[in-house]
2 protein chains.
Amino acid sequence: MPKGQLKGICFHPSKETKCVTCSLSSLCLPISLNFEDIDQLDKIIKRRQPLKKGEHLFHQGDRFDCVYAVRSGSIKNYAMTNDGEEQITNFHLPSELVGLDGIDCETYPVSAKALETTAVCEIPFARLEELAKELPELRSQVLRIMSRELRDDKQMMMLLSKKNAEQRVATFLTNLSTRFKRRGYSPFTFRLPMSRNEIGNYLGLAVETVSRVFTRFQNSDLIAVNGKEVHILNMDDLSILAGLPDQEQKIPNETKIANEG
Amino acid sequence: MPKGQLKGICFHPSKETKCVTCSLSSLCLPISLNFEDIDQLDKIIKRRQPLKKGEHLFHQGDRFDCVYAVRSGSIKNYAMTNDGEEQITNFHLPSELVGLDGIDCETYPVSAKALETTAVCEIPFARLEELAKELPELRSQVLRIMSRELRDDKQMMMLLSKKNAEQRVATFLTNLSTRFKRRGYSPFTFRLPMSRNEIGNYLGLAVETVSRVFTRFQNSDLIAVNGKEVHILNMDDLSILAGLPDQEQKIPNETKIANEG
DNA sequence: AAAGTTTTTTGATGCATATCAGGTTTATCA
DNA sequence: TGATAAACCTGATATGCATCAAAAAACTTT
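Note that this is a predicted model, so its numbers are computed, not measured. (Residues numbered from 1 in each chain as written. Chains lettered and ligands numbered in written order. Predicted model: local features only at pLDDT ≥ 70, side-chain atom pairs only at ≥ 80, totals over all residues. Heavy atoms only, no water.)

## Thoughts on the pattern of salt bridges
Then, number 1: Within the structure shown, the criterion is met by 30 salt bridges over all chains.
Then, number 2: For B:Glu149, the salt bridge is made with A:Lys154, and the minimal N-O distance between the two is 3.3 Å. In this pair, B:Glu149 sits in helix H4 (residues 136-162) while A:Lys154 sits in helix H4 (residues 136-162), so the two residues belong to two different chains. You'll find B:Glu149 and A:Lys154 in the same group, each marked buried.
Then, number 3: Across the pair B:Arg179 and B:Glu96 runs a salt bridge, and its minimum N-O distance is 3.1 Å. (Salt bridge = Lys/Arg side-chain N within 4 Å of Asp/Glu carboxyl O. Helix = DSSP H or I, 4+ residues; strand = E, 2+ residues; numbered from the N terminus. Buried < 20%, exposed > 50% of the residue type's maximum accessible area, 1.4 Å probe, protein only.)

This is the structure:
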């Protein structure tokens, strides 16, 4: 089916979902807002025509004025390194907020590009701040979302500085799986919206290495892959390889006091 | 001089700096607050006894209730990897806020430990939120600080996934230099508050590699090192090696439209 | 000041992953 | 539908950095 038609068939701006009825509301900004407040939030949100694959939401250096919530599809964030190479810093799935790192310098520090046909909610930041003035719950939700992203970033740093290729790919897959699950999709069967190249770029690995690890994982019956379709066959072992997913790792308490001084 | 005495000699809780008179106020939370507002902020801040080297501000997993501003000294954040290894995720210099990544799950996701005798301002988060209700400037300052940390984290990811050992160390040194400069210290001569081991851990390198790169940098007259004392002799070349510091990198605009679709 | 401990440095070796090169499959488009 | 390009996989080789080892220097402690 040609992508172009999707717009006409599936997307009716007049009938577009409101926050109240949106299936993602429990993951997105509206969490813990009451109906009235959600309605207020709804009023400042613009639903734009979906982006086609490869289209940009914004470019690195553009003036920051909106944050975006992914409604369907997926977005990658990337920056250009000094030698002109692309460096992917994030992938965003539905319900996730894009662009929060632009608040400080008032320009987006990275570009955002659709990996597939992608619908977003556009949230003018100035109006969000206005609204936050009156809605304490919205305020803390924004903080929580940013705080979570900070935490995820640290996890990513740990991946990049301590994990080997297999652990990186395993972490990547289990992480995606968890996120799909929370969004109501199967945690065991999903379609990767990004290429091997993009996975490698994100994970700090060469494409070839990603490809090889995928093959090795297949040979050990951890996963079954067909192009971008992934089946996780042995989640337990994959999670162990990943080094326990994001869930709380227990901290060895023994040395807590001993270590002081 | 024994560390213990510092407390008695240098730190008088009764005479402690207020935000209004604090030399760091232009870098820290009070930015863009007026005098009255700073005073309000001041009231919720507790200045604790300075931490001695090696003491913890909080441990990974502790209940999140405060964020901290470093007043003097320095703090490292670190987490334990699954195999019990330490992974340093950040170093904090005076005026920087510690603990913001705990907002979301209400426990600190990493530990915070003093690298040297360190004074902090303790800011109860609940009260900060209270205050933010009335002070829009404070609100956006918190957002800006978190947004900046997000941006820095992405920079760190790029370092970890694309830069080689020399580029990492060069980036580390120029970054420190910039931060010292903003705080009124010399950007060319400073004392590293952390060990080679900690630098390596943070940069995803072995100690030995850090040591070797330091030696190489000395041999090429980029820096002069004596233990933890560092002199930057050739900032230009060091910056080039680092791959241009954090400042805005120009984005090649040619392909902006061409890339779409 | 001496003894012990930790940190730093330097050298030799090994390995995980990058890079290069080729072939194959899958997508894109006329 | 076939042509062309892009993505993916696999093998061979190269290399940057980790690891191992051991000495030197810098701190601690008594």
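## Section: the relation of the copies chain A and chain B
Then, number 1: Each copy superposes on the other: chain A lies on chain B with an RMSD of 0.0 Å after a rotation of 180° and an axial shift of 0.0 Å. Taken together, the turn and the small shift mark the pair as related by a two-fold rotation axis.
Then, number 2: Interface residue correspondence from chain A to chain B reaches 98%, placing this contact among same-surface, isologous pairings. (Least-squares fit on C-alpha atoms with pLDDT ≥ 70 in both. Contact = heavy atoms within 4.5 Å.)

## Here's the deal with the pairing of strand E11 (residues 229-232) of chain B
Residues and elements named next belong to chain B.
Then, number 1: Because side chains alternate across E11, one face comprises the buried residues Val230 and Ile232, and the other comprises Glu229 and His231, none of which is buried.
Then, number 2: Bridge count for strand E9 (residues 189-191) against E11 is three bridges, and the pairing is antiparallel. Residue pairing in the sheet places arginine 191 in a bridge with glutamate 229 of E11.
Then, number 3: The pairing of strand E10 (residues 223-226) with E11 spans four bridges and is classified as antiparallel. When the bridges of E11 are listed, alanine 224 appears paired with histidine 231. (Pairing = 2+ DSSP bridges.)

## Description of the protein's contact with DNA strand C
Then, number 1: Residues in contact with DNA strand C amount to 16 residues; listed here are only the nearest, A:Ala165, A:Thr209, B:Arg196, B:Arg212 and B:Thr215.
Then, number 2: In this structure, A:Arg212 approaches DNA strand C through a side-chain N or O atom, which is 3.0 Å from a base oxygen.
Then, number 3: Where the surface near DNA strand C is concerned, the elements lending two or more residues are helix H7 (207-219) of chain A together with helix H6 (196-203) and helix H7 (207-219) of chain B.
Then, number 4: Considering every element that reaches the surface near DNA strand C, the biggest residue donor is H7(B), with four residues. (Near = heavy atom within 4 Å. Polar contact = N/O pair within 3.5 Å; in protein donor to acceptor, adjacent residues only side chain to side chain.)

## Some thoughts on H7(B)
Residue and element names in this part refer to chain B.
Then, number 1: For H7, which comprises 13 residues, the first-to-last C-alpha distance of 19 Å matches the rise-based estimate of 18 Å (1.5 Å per residue) to within 8%.
Then, number 2: Within H7, the full set of buried residues consists of Val210, Val213, Phe214 and Phe217. One side of H7 holds all its buried residues, which, seen down the axis, span an arc of 105°. Along H7, exposed side chains directed more than 90 degrees from the buried face belong to Arg212 and Asn219.
Then, number 3: Elements in contact with the buried residues of H7: helix H5 (165-182), H6, E10, E11 and helix H8 (235-242).
Then, number 4: Positive phi appears at aspartate 221, one or two residues downstream of H7, with a value of about 55°. (Expected span 1.5 Å × (residues − 1). Arc of directions from axis to C-beta.)

## Things to note about the protein's contact with DNA strand D
Then, number 1: As a matter of local geometry, DNA strand D sits amid 16 residues, with A:Arg196, A:Arg212, A:Thr215, B:Ala165 and B:Thr209 nearest to it.
Then, number 2: Counting only the atoms of DNA strand D that lie within 4 Å of the protein, the sugar and phosphate share comes to 58%.
Then, number 3: B:Ala165 is positioned such that a nitrogen or oxygen atom in its backbone is 2.8 Å from a phosphate oxygen of DNA strand D.
Then, number 4: At the level of elements, helix H6 (196-203) and H7 of chain A together with H7 of chain B are the ones that each hand at least two residues to the surface near DNA strand D.
Then, number 5: Looking at which element gives the most residues to the surface near DNA strand D, the answer is H7(A), with four residues.
Then, number 6: Considering only residue class, the surface near DNA strand D consists of three nonpolar, seven polar and six charged. (Nonpolar A, V, L, I, M, F, W, Y, C, P; charged D, E, K, R; others polar.)

## Quick notes on the nonpolar core
Then, number 1: Counting residues in each nonpolar core, the largest one holds 76 residues, and the members touching the most others are A:Leu29, A:Leu41, A:Leu128, B:Leu29, B:Leu41 and B:Leu128.
Then, number 2: Excluding residues within four positions of it along the chain, B:Leu29 makes contact with B:Leu41, B:Leu97, B:Ile123, B:Leu128, B:Leu138, B:Gln141, B:Val142 and B:Ile145.
Then, number 3: Ranked by size, the runner-up nonpolar core spans 69 residues in total, among them A:Ala165, A:Ala170, B:Leu93 and B:Ala165. (Core = buried A, V, L, I, M, F, W, Y, C linked by side-chain atoms within 4.5 Å.)

## Here we look at the packing of aromatic side chains
Each pair of aromatic rings is reported with the distance of its centres and the angle of its planes.
All names here are of chain A.
Then, number 1: In the structure shown here, the tally under the stated rule is 18 aromatic pairs over all chains.
Then, number 2: Of the aromatic side chains, those joined through ring pairs into one cluster are Phe58, Phe64, Tyr68, Tyr108 and Phe125.
Then, number 3: For the cation-ring pair, lysine 76 lies above tyrosine 78, with the distance from its terminal atom to the ring centre recorded as 5.3 Å. (Phe/Tyr/Trp six-rings, centres within 6.5 Å; stacked < 30°, edge-to-face > 60°. Lys NZ or Arg CZ within 6 Å of the ring centre and 35° of its normal.)

## Focus: the sheet that holds strand E7 (residues 111-114) of chain A
Residues and elements named next belong to chain A.
Then, number 1: The sheet built from four strands is open, its strands ordered E2-E7-E4-E5 with antiparallel pairing. At either end of the open sheet lies a strand with only one pairing partner, and these are strand E2 (56-58) and strand E5 (86-92). Neighbour-to-neighbour, the strand axes of this sheet turn through a mean angle of 30°, independent of strand direction.
Then, number 2: Packing against the sheet, H6 makes contact with strand E4 (75-80) and E5, and its axis sits at approximately 100° to E5. (Axes fitted to C-alpha atoms, helices over the stretch in contact; angles between N-to-C directions.)

## Some words on the interface of chain A and chain B
Then, number 1: Counting residues at the interface gives 57 residues for chain A and 56 residues for chain B.
Then, number 2: Buried area between chain A and chain B, summed over both chains or domains, comes out near 5300 Å², and the portion from carbon and sulfur atoms is 61%.
Then, number 3: Its largest share of buried area at the contact with chain B, chain A owes to A:Asp104, A:Leu150 and A:Met157, together 12% of the area lost on that side.
Then, number 4: Connecting chain A to chain B are eight salt bridges.
Then, number 5: At the junction of chain A with chain B, the criterion picks out 18 residue pairs in polar contact (both at pLDDT 80 or more).
Then, number 6: Of the residues in the side of chain A that touches chain B, the class split is 17 nonpolar, 20 polar and 20 charged. (Buried area = accessible area lost by both parts, 1.4 Å probe.)

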